[in-house]
Structures are given as structure tokens and as C-alpha cells.
Amino acid sequence: MPVGTALFAFALAVYGVRFVGVKPTTVAAGPVTVGLNYAVLIAAIGESICGILAVMRGLTYKGYILSIFGIWLWGFFFLITAGVASKTFTPDSIGWYALLLDIPAIIMAVPAFKQRNIPLSIAFVGLIILQFFLGLGYHEVYNAINTAAATKSVPKLSSAVSLLKVSAWAGWVASAALFWLFAVEVYEATGVLRRHDSLA
């Protein structure tokens, strides 16, 4: 499903733009945050629809990947928009939400490696690293805020910023791999590339 692949790659590229230059003063603000919110929403819609259609057509593996990440992105969108506005919100919620996705991601990555699907394997590595460091980054934000509140000082967010920057680079790696996969899928569908000539 090239559409779902392209939209996911696009959202990851925007994620990289959002966090690669993040600073302690811009962890939770900036116009690119709004751009990321909409990129996540578009990817959630596209992946969910394409994932369900793929499962219905018998393309179960691709369907599982797209639908699981698509539905997760729906939750992530609501968490970073409506959730952030809630009085009970803490950065820790983003941390756990990202970290726990690594479990299904690792499970779904195994067939990609076994099938020697190079772009998809690279994408999974990037995604797993992204989720891990995104989760750690926001856990660190939460800890820094709590420590600052207890000591009545300014939050020290340098460690969180470093972790989020790593996740941004991982997002770009995953994005590039998915755009590679998207190109292969489009070229195969249009006859530009034959299946045995591709690496996917």
C-alpha cells in the first residue's frame, strides 16, 4: 500500500524537522509542533485506511504494520493535542506511550529481516530507536520538571534535548527507508521495476 507508506514517511520526516534542532526552550513550543500534529493526523488517517484495506485484500503483513501504526498515531495525535490541554497531563504519558510501542514494533520487524526486505528492515530499526529515545526523552523531561519543582529551580532539560535529537535522526532514517520502499512499490505497480530487480 504505497499511500500509507508515503504518508508515514512524510510524518516521520516532519518529526525529524521538529526535534532535530530542539532546545530546552522549545521542547514544548513552536510552529513546527503544529505542523507535526497535522502530519501525524494525516498519517493516522491514511495508514489506518490502507492497513484495513490491505488486510481485506489478504496482504496481512503490510496490513498489520499499517493498521497498528495508524491506530497508534490516532492515539498519539489526541495525546499531543487534547491530552496536553488536560490538567492531568504529564510528559511521562508521552514517554510511556512511545516506549511501549517498541514491543509490537520489534515483533513486526522479525519478518522483514527474515524476508531480507532491506528498506523495511532499516525503517523498523529507525522506528524502534525513535520510539525508545522519544520515550526516554519525555521521561527525562518529566523527571527534570519534578526535580525543579522540588528544589525550586529552573528545569535542566539538556539530557532530554539530547535524547530527543537522537530520536529525530532515527526518524529521518526511518523516513528515508520508507520513501525508498514507497518508490519500489510505485515502480513495481507501474511496471518501471520488476519484482526480482528490487531490493524490497
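Predicted model only: the values in this text are computed from it and were never measured.

**Quick notes on the nonpolar core**
Residues Phe19, Val27, Phe69, Phe124, Leu134 and Tyr138 are the most contacted members of the largest nonpolar core, which totals 51 residues. The set of elements that each furnish at least two residues to this core consists of helix H1 (2–20), helix H2 (31–56), helix H3 (60–85), helix H4 (91–99), helix H5 (102–114), helix H6 (118–151) and helix H7 (158–189). Looking at this core element by element, the count peaks at 10 residues for H6. Apart from residues no more than four positions distant in its own chain, Val27 is found in contact with Arg18, Phe19, Val22, Tyr138, Val141, Leu157, Val161 and Leu164.

**Some remarks on the packing of H1 against H6**
Relative to each other, H1 and H6 sit at 40°, their axes nearing to 13 Å. Regarding the angle of H1 to H6, the classification is oblique. Along this stretch, H1 crosses H6, giving a crossing that reads as left-handed. Contacts between H1 and H6 involve Phe8, Leu12, Tyr15 and Phe19 from the former and Leu127, Leu130, Leu134 and Tyr138 from the latter. Its residues assigned to classes, the contact of H1 with H6 comprises 8 nonpolar, no polar and no charged.

**Section: a nonpolar patch on the surface**
A contiguous nonpolar surface patch, about 560 Å² in accessible area, is contributed by Ile42, Ile45, Ile49, Ile52, Leu53 and Met56. Take Ile52: it is sitting in helix H2.

**Some remarks on the environment of Thr25**
Among the secondary structure elements, Thr25 is positioned in the loop between H1 and H2. Once the C-alpha coordinates of Thr25 and Val125 are considered, the two residues, 100 residues apart in sequence, prove to be 29 Å apart.

**Quick look at H5**
A rise of 1.5 Å per residue sets the reference length of H5, with its 13 residues, at 18 Å; its end C-alpha atoms lie 19 Å apart and thus fit the reference within 8%. In this fold, the buried residues of H5 make contact with H3, H4 and H6.

**A closer look at the confidence of the model for the protein**
For the protein, per-residue confidence averages 87 on the pLDDT scale, and residues scoring 70 or more make up 94% of the total. At the low end of the mean pLDDT range in the protein sits H2, at 84; at the high end sits H5, at 95.

**Some points on H6**
Relative to the 50 Å expected for 34 residues at 1.5 Å per residue, H6 spans 49 Å between its end C-alpha atoms, a close match to the ideal helical length. Backbone nitrogen of Leu120 and a side-chain oxygen of the N-cap are separated by 3.2 Å at the start of H6; the cap is Asn117. Lys152 occupies a position one or two residues after H6 and carries a positive phi of about 55°.

**Examining the environment of Leu157**
Tracing the backbone through its elements, the reader meets Leu157 in the loop between H6 and H7. With residues near it in sequence (within four places) discarded, Leu157 still touches Pro24, Val27, Val141 and Ala144.

**Re the packing of H6 against H7**
Look at H6 against H7: their axes get within 7 Å of each other, and the N-to-C directions meet at 160°. Here H6 lies roughly antiparallel to H7, going by the angle between them. Handedness of the H6/H7 crossing: left-handed. Tallied by class, residues from the contact of H6 with H7 come to 24 nonpolar, 5 polar and 1 charged.

**Details of the pattern of salt bridges**
Across all of its chains, the model carries 1 salt bridge by this definition. With a closest N to O distance of 3.3 Å, Lys62 and Glu185 form a salt bridge. Residue Lys62 is located in helix H3, and its partner Glu185 is located in helix H7; the two are separated by 123 residues in the primary sequence.

**Some points on the packing of aromatic side chains**
Aromatic ring pairs are described here by two measures, namely the spacing of the ring centres and the angle between the planes. A full pass over the atoms with the stated rule returns 11 aromatic pairs. Where Tyr15 meets Phe19, the ring centres are 4.9 Å apart and the plane angle is 50°; that geometry is what we call tilted. Note that Tyr15 and Phe19 are positioned in helix H1 at a spacing of 4 residues, about one turn of the helix. Both residues of the pair, Tyr15 and Phe19, belong to the buried class. Taking 5.0 Å as the distance between ring centres and 25° as the angle between the ring planes, the aromatic pair formed by Trp72 and Tyr97 counts as stacked. Separated by 25 residues along the polypeptide, Trp72 in helix H3 and Tyr97 in helix H4 bring together distant segments of the chain. In this arrangement the basic side chain of Arg18 is found over the ring face of Phe19, its NZ or CZ atom lying 4.6 Å from the centre.

Thresholds applied
Residues numbered from 1 in each chain as written. Predicted model: local features only at pLDDT ≥ 70, side-chain atom pairs only at ≥ 80, totals over all residues. Heavy atoms only, no water. Core = buried A, V, L, I, M, F, W, Y, C linked by side-chain atoms within 4.5 Å. Buried < 20%, exposed > 50% of the residue type's maximum accessible area, 1.4 Å probe, protein only. Helix = DSSP H or I, 4+ residues; strand = E, 2+ residues; numbered from the N terminus. Contact = heavy atoms within 4.5 Å. Axes fitted to C-alpha atoms, helices over the stretch in contact; angles between N-to-C directions. Parallel < 35°, antiparallel > 145°, perpendicular 65-115°, else oblique. Left-handed = near helix turned anticlockwise from the far one by under 90°. Nonpolar A, V, L, I, M, F, W, Y, C, P; charged D, E, K, R; others polar. Patch = residues over 30% accessible without salt bridge, like charges linked within 9 Å, V, L, I, M, F, W, Y side chains within 5 Å. Areas by Shrake-Rupley, 256 points an atom, 1.4 Å probe, with all protein chains shown as cover. Salt bridge = Lys/Arg side-chain N within 4 Å of Asp/Glu carboxyl O. Expected span 1.5 Å × (residues − 1). pLDDT = per-residue confidence, 0-100. Polar contact = N/O pair within 3.5 Å; in protein donor to acceptor, adjacent residues only side chain to side chain. Phe/Tyr/Trp six-rings, centres within 6.5 Å; stacked < 30°, edge-to-face > 60°. Lys NZ or Arg CZ within 6 Å of the ring centre and 35° of its normal.

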